[in-house]
Amino acid sequence: MTEKAQVKGSYWLQTAPGGAPRPALAEDLDVDVAVIGAGVAGISTAWELARAGRSVAVLEAGRVAAGVTGHTSAKLTALHSLVYDKLRRTRGPGGARLYARSQSEAIEHAAGIVEELGIDCDWETRDAYTYVCDAGRVDEVRAEAAAAKEAGLPATFETETGLPFPVAGAVKVTGQVQFHPRKYLLALAEGLEAHGGRIFEGTTVQGLDEGGPCRVSTESGATVTARDVVVATHYPIFDRALLFARLSPRRELVVAGSIEADRDVDGMYITPDDNTRSVRTAPLDEAGRRLLIVTGEHFTPGTGDTRERFDRLSAWAGEHFPGVDLTYAWATQDIDPTDTVPMVGPLHPGAKHTYVATGFGGWGLSGGMMAGRLLTAQITGEECPWSGLYDPRRLRTAVREAPSFLKTQAEVARHFVGDRLRPAPPVDALPPGEGALVRVGGDRLAVYRDEAGALHAVSSRCTHLGCLVSFNAAERAWECPCHGSRFDTDGKVIQGPATKPLERRDI
């Protein structure tokens, strides 16, 4: 069937596998800066620091650009859905201008890197659109277009787009970019190593001592000593300012498949309608066909039926692009800050040599590139005009947007208490390929039955802060709805903030 994706897995990972893994950290190491995490924020930061003459070590639990960055929709734009009208109201016109400038300059900087290194990463200039089909939201879009223009972006209000269906209105920003993020970051990682930087894959960080100097301890027992440390793990694995209370995880699904070149939508599109729908294309083959990429159906990890959501997204793609041959399906995870703006800067109010980059709210490509430049400026003692805008220590805006903060904490509390009150099915009722929280004796265990009928049982308590995990049947993973940690069916950490696996249990 063309309405449903037939092959699971990220297109970016399958078309840029990255070769043999780099070695894990096996012995103690001294460097100027340790960067934890090798996604776009981590690699961009390490690259900038190496260029500035600092010795750098990147510590990655998995592979370079294989986590969130390897599962993105790969739109590189300063138009972040409907953000500028809100920023104009909450941060003032000056704050909105700083946001637009910082994101736009990050994109321009990346373009210069692509040219400098000669990176072949399907770099294409496209216009970006935020659109609505609901006529009742047109005034909202008009206000966004005006705010984005006031912030300095080449923004206009439009009623015509390249989509194969009518829209009620859209914000259009010209001169934005789409690209292959993994090809870009793999080349940047090689460039980093050429400048003397070192990257260690398969290296799980478990401890951070903020002494002078800092010490980063790893699962293997090896330690990195560094003057400065950057935590760029998407969701911070170290949270000494209780940032988790101001962050909420969100998963989003992606389906993709081939269309003919004459059906290219000629732009990058996103709408808040229909639980979010994002559309773009990418070069696919020598015949000129394009890969249609459709994203949407956002939800809190560990909630609801993910398979049903994939079916809805696939059906939407089939309805609006009849005959599309969906061959890829994957999911990504974003972290939303309660006060709109990412958190990039000192890790906590007393931090002198530890930094964090998080809360990019679905726009981690331009945000991660911006973070690389901002953190490098802070570490090297340079001035950066938007340091205050992104400072994680900010409190005024967190108080001003208290309803979002309270809503986030209410959801966490609901899961922490309510999930423990749900009835647990008997383990014998668990079919192959499914997982559930079941009662075994006096314990509630997370149990998965594989296709051969064997049971895999682990503790149901997330190792981050103790919320109960829930099973994602489409991706066959245990997920924490409180802070977004994810584990495989044997309890191994797939995604933080958890750093320790779920404890194996016998049935």
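Keep in mind it's a predicted model, so treat the numbers as computed, not measured.

Draft legend 1. Molecular detail of the overall build of the chain. Summing up its helical and strand segments, the chain has 11 helices and 25 strands in all. Principal-axis analysis of the C-alpha atoms gives the chain an extent of 60 × 55 × 50 Å. The buried share of the chain, taken over its 507 residues, is 58%. Partitioning the contacts of the chain with sequence separation of at least 6, the portion at a separation of at least 24 is 70%. Carbon and sulfur atoms form 50% of the exposed surface of the chain, whose accessible area is close to 19,900 Å². Placing the 55 positive and 66 negative side-chain charges of the chain at their respective mean positions leaves the two points 5 Å apart.

Draft legend 2. Just the packing of aromatic side chains, in detail. Under the definition given, this model contains 12 aromatic pairs. For the ring pair tyrosine 11 and tryptophan 12, a centre distance of 5.3 Å and an interplane angle of 75 degrees mean the geometry is edge-to-face. Judged by its relative accessible area of 1%, tryptophan 12 is buried. Among the aromatic residues, those joined into a cluster by ring pairs are Tyr129, Tyr131, Phe165, Tyr269 and Trp316. The lysine or arginine in question, arginine 142, covers the ring of phenylalanine 157, its NZ or CZ lying 4.0 Å from the ring centre.

Draft legend 3. The pattern of salt bridges, seen in detail. Tallied over the entire structure, the rule returns 37 salt bridges. Taking the shortest distance from any N to any O, the salt bridge between aspartate 85 and arginine 88 comes out at 2.8 Å. Separated by 3 residues within a single helix, aspartate 85 and arginine 88 lie in helix H3 (residues 84-90), roughly one turn from each other. Taking the relative accessible area as the measure of exposure, aspartate 85 reaches 18% and is therefore buried. Measuring nitrogen to oxygen at the nearest pair gives 2.7 Å for the salt bridge that ties glutamate 475 to arginine 251. Here arginine 251 lies in strand S11 (residues 247-259) and glutamate 475 lies in the loop between strand S21 (470-472) and strand S22 (477-479), a separation of 224 residues in the sequence. For glutamate 475, a relative accessible area of 26% puts it in the partly exposed group.

Draft legend 4. Examining the pairing of strand S1 (residues 29-36) more closely. Within S1, 6 of the 8 residues are buried, which leaves the element mostly enclosed by the surrounding structure. Here S1 runs beside strand S10 (residues 223-231); their pairing, made up of 7 bridges, is parallel. Following the sheet pairing, valine 35 is matched in S10 by valine 230. In this structure, S1 lies alongside strand S2 (residues 56-59), joined through 4 bridges in parallel fashion. Paired with isoleucine 36 across the two strands is leucine 59, which belongs to S2. Note that the unit made of S1, helix H2 (residues 40-51) and S2 has a crossover that is right-handed.

Draft legend 5. Examining unusual backbone geometry more closely. Looking along the chain, the bond that leaves glycine 212 and enters proline 213 is cis, with omega of 5 degrees. Along the polypeptide, proline 213 turns up in the loop between strand S8 (205-209) and strand S9 (214-218). With omega at 25 degrees, the peptide bond leading from glycine 496 into proline 497 counts as cis. Of note in the backbone geometry, aspartate 266 takes a positive phi value of approximately 55 degrees without being a glycine. Take aspartate 266: it is sitting in the loop between S11 and strand S12 (268-271). Positive phi is not limited to glycine here, since asparagine 275 has a value of about 60 degrees. With a relative accessible area of 29%, asparagine 275 lands in the partly exposed category.

Draft legend 6. Structural detail: the environment of threonine 376. As for its position among the elements, threonine 376 is in helix H8 (residues 364-380). On the accessibility criterion, threonine 376 (9% relative accessible area) is buried. Linking threonine 376 and threonine 463, residues 87 residues apart in sequence, is a C-alpha distance of 32 Å. Filtering out sequence-adjacent residues up to four positions away, threonine 376 remains in contact with Thr45, Glu48, Leu49 and Ala52.

Draft legend 7. Spatial organisation of the sheet that holds S21. If you trace the 4 strands from one edge of the open sheet to the other, you get S21-S22-S23-S24, paired in antiparallel fashion. A strand with exactly one partner marks an edge of an open sheet, and here the two such strands are S21 and strand S24 (493-495). Here S21 runs beside S22; their pairing, made up of 3 bridges, is antiparallel. When the bridges of S22 are listed, serine 470 appears paired with glutamate 479.

Draft legend 8. Molecular detail of the side chain of aspartate 273. By the element assignment, aspartate 273 lies in the loop between S12 and strand S13 (277-283). Overall, the relative accessible area of 13% leaves aspartate 273 in the buried class. Setting aside residues up to four positions removed in sequence, aspartate 273 forms contacts with Val132, Cys133, Asp134 and Arg137.

Definitions and cut-offs
- Residues numbered from 1 in each chain as written.
- Predicted model: local features only at pLDDT ≥ 70, side-chain atom pairs only at ≥ 80, totals over all residues.
- Heavy atoms only, no water.
- Helix = DSSP H or I, 4+ residues; strand = E, 2+ residues; numbered from the N terminus.
- Buried < 20%, exposed > 50% of the residue type's maximum accessible area, 1.4 Å probe, protein only.
- Contact = heavy atoms within 4.5 Å.
- Areas by Shrake-Rupley, 256 points an atom, 1.4 Å probe, with all protein chains shown as cover.
- Lys, Arg positive; Asp, Glu negative; His and termini not counted.
- Charge placed at Lys NZ, Arg CZ, Asp CG, Glu CD.
- Phe/Tyr/Trp six-rings, centres within 6.5 Å; stacked < 30°, edge-to-face > 60°.
- Lys NZ or Arg CZ within 6 Å of the ring centre and 35° of its normal.
- Salt bridge = Lys/Arg side-chain N within 4 Å of Asp/Glu carboxyl O.
- Pairing = 2+ DSSP bridges.
- Right-handed = clockwise from strand over helix to strand, strands pointing away.

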